[in-house]
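Residue-level structure breakdown
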Amino acid sequence: MNLSDNFTLEEMIFSRTALDNDIDNTPDDDVINNLKSLCENLLEPLRGKLGKPIHILSGYRSEELNRAVGGVRSSQHRFGQATDITVEGMGHPELFNLIKNNFYFDQLILEHVDEDKPFSGWVHVSFCKGKNRNQCLKI
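Here the structure is a predicted model, which is why all the values come from computation and not from measurement.

What counts and what doesn't
- Residues numbered from 1 in each chain as written.
- Predicted model: local features only at pLDDT ≥ 70, side-chain atom pairs only at ≥ 80, totals over all residues.
- Heavy atoms only, no water.
- Helix = DSSP H or I, 4+ residues; strand = E, 2+ residues; numbered from the N terminus.
- Buried < 20%, exposed > 50% of the residue type's maximum accessible area, 1.4 Å probe, protein only.
- 1 Å grid on protein atoms, 1.4 Å probe; cavity = no way out; pocket = protein on both sides within 12 Å on 5 of 7 lines; lining within 4 Å.
- Points joined across faces, edges and corners; volume = space filled by probe spheres on them.
- Pairing = 2+ DSSP bridges.
- Axes fitted to C-alpha atoms, helices over the stretch in contact; angles between N-to-C directions.
- Expected span 1.5 Å × (residues − 1).
- Bend = angle between axes of the 7 residues up to and from the residue.
- Polar contact = N/O pair within 3.5 Å; in protein donor to acceptor, adjacent residues only side chain to side chain.
- Salt bridge = Lys/Arg side-chain N within 4 Å of Asp/Glu carboxyl O.
- Contact = heavy atoms within 4.5 Å.

Of note in this structure, histidine 112 is not a glycine but carries a positive phi near 55°. One can find histidine 112 in the loop between β3 (107–111) and β4 (122–126). Using a relative accessible area of 48% as the deciding quantity, one classes histidine 112 as partly exposed. For asparagine 134, which is not glycine, the phi dihedral falls at a positive 50°. Structurally, asparagine 134 is set in the loop between β4 and β5 (135–138).

Turning to the layout of surface pockets, a few remarks are in order. Reported here for the largest pocket is a volume of approximately 630 Å³. Looking at the largest pocket, it is lined by 29 residues, and the ones nearest its centre are Ser58, Arg61, Val69, His77 and Asp84. Of all the secondary-structure elements, those providing two or more residues to the lining of the largest pocket are α2 (16–20), β1 (55–58), β3 and β4. Of all the elements, β1 adds the most residues to the lining of the largest pocket, at four residues.

Moving on, we get to the sheet that holds β4. Reading across from one edge, β1-β2-β4-β3-β5 is the order of the five strands in this open sheet, with mixed pairing throughout. For this open sheet the edge positions go to β1 and β5, each flanked by a neighbour on one side alone. With direction set aside, neighbouring strand axes in the sheet form an average angle of 25°. One ladder, built from five bridges, connects β3 with β4; its direction is antiparallel. Counted as the bridge partner of leucine 108 is valine 125 from β4.

Helix length check: helix α3 (residues 29–50), at 22 residues, gives a terminal C-alpha distance of 30 Å against a target of 32 Å (1.5 Å per residue), a fit within 8%. For α3, the principal kink sits at cysteine 39 and spans about 40°. Among the residues of α3, Val31, Ile32, Asn34, Leu35, Ser37, Leu38, Cys39, Leu42, Leu43, Glu44, Leu46 and Leu50 are the ones counted as buried. The N-cap residue of α3 is aspartate 28: its side-chain oxygen and the backbone nitrogen of aspartate 30 are 3.1 Å apart. Of the residues trailing α3, glycine 51 is marked for its positive phi of about 75°.

All chains considered together, the criterion is met by six salt bridges. Close ionic contact of glutamate 63 with arginine 67 constitutes a salt bridge, the shortest N to O distance being 3.5 Å. Of the two residues, glutamate 63 and arginine 67 both sit in helix α4 (residues 63–68), four residues apart, roughly one turn of that helix. Glutamate 63 sits in the partly exposed class, given a relative accessible area of 42%. On the basis of relative accessibility, which here comes to 57%, the residue arginine 67 falls in the exposed class. Across the pair aspartate 106 and arginine 133 runs a salt bridge, and its minimum N-O distance is 2.8 Å. One end of the pair, aspartate 106, is in the loop between α5 (92–102) and β3; the other, arginine 133, is in the loop between β4 and β5, and 27 residues separate them in sequence. Exposure remark for aspartate 106: the relative accessible area of 3% places this residue in the buried category.

We now examine the side chain of serine 37. Locating serine 37 in the fold gives a position in helix α3. Judged by its relative accessible area of 7%, serine 37 falls in the buried class. Apart from residues no more than four positions distant in its own chain, serine 37 is found in contact with Leu42, Phe127 and Lys129.

Following this line, the structure appears as structure tokens:
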């Protein structure tokens, strides 16, 4: 199922942890609508600006999957509002700054990036229908 021109439901719900642990990661209609909004309003415009694919590391997580990966209980991943991403050939601080300076989002987090290794870690980004905080964090 396509959520937008370049993003599918399958890639937004895929999880190796879910497969390895027989965890059901099937989203309900509300989550699918949130994923669609995330893709249409943030990921597609970002892909257009980059001119190349965005790799989804972690999108939607069911409550059980979120617990299995050590996610916080209030994680926006649980509601289909967040994804962790990378872009081939682009350091994560550079991707973080591109999103920060050019896009409307709820939360943007540069996660687990070693200052000397710009390709370590990942970028977490979320989008909510309605009001977004444009909150930027580094972990």
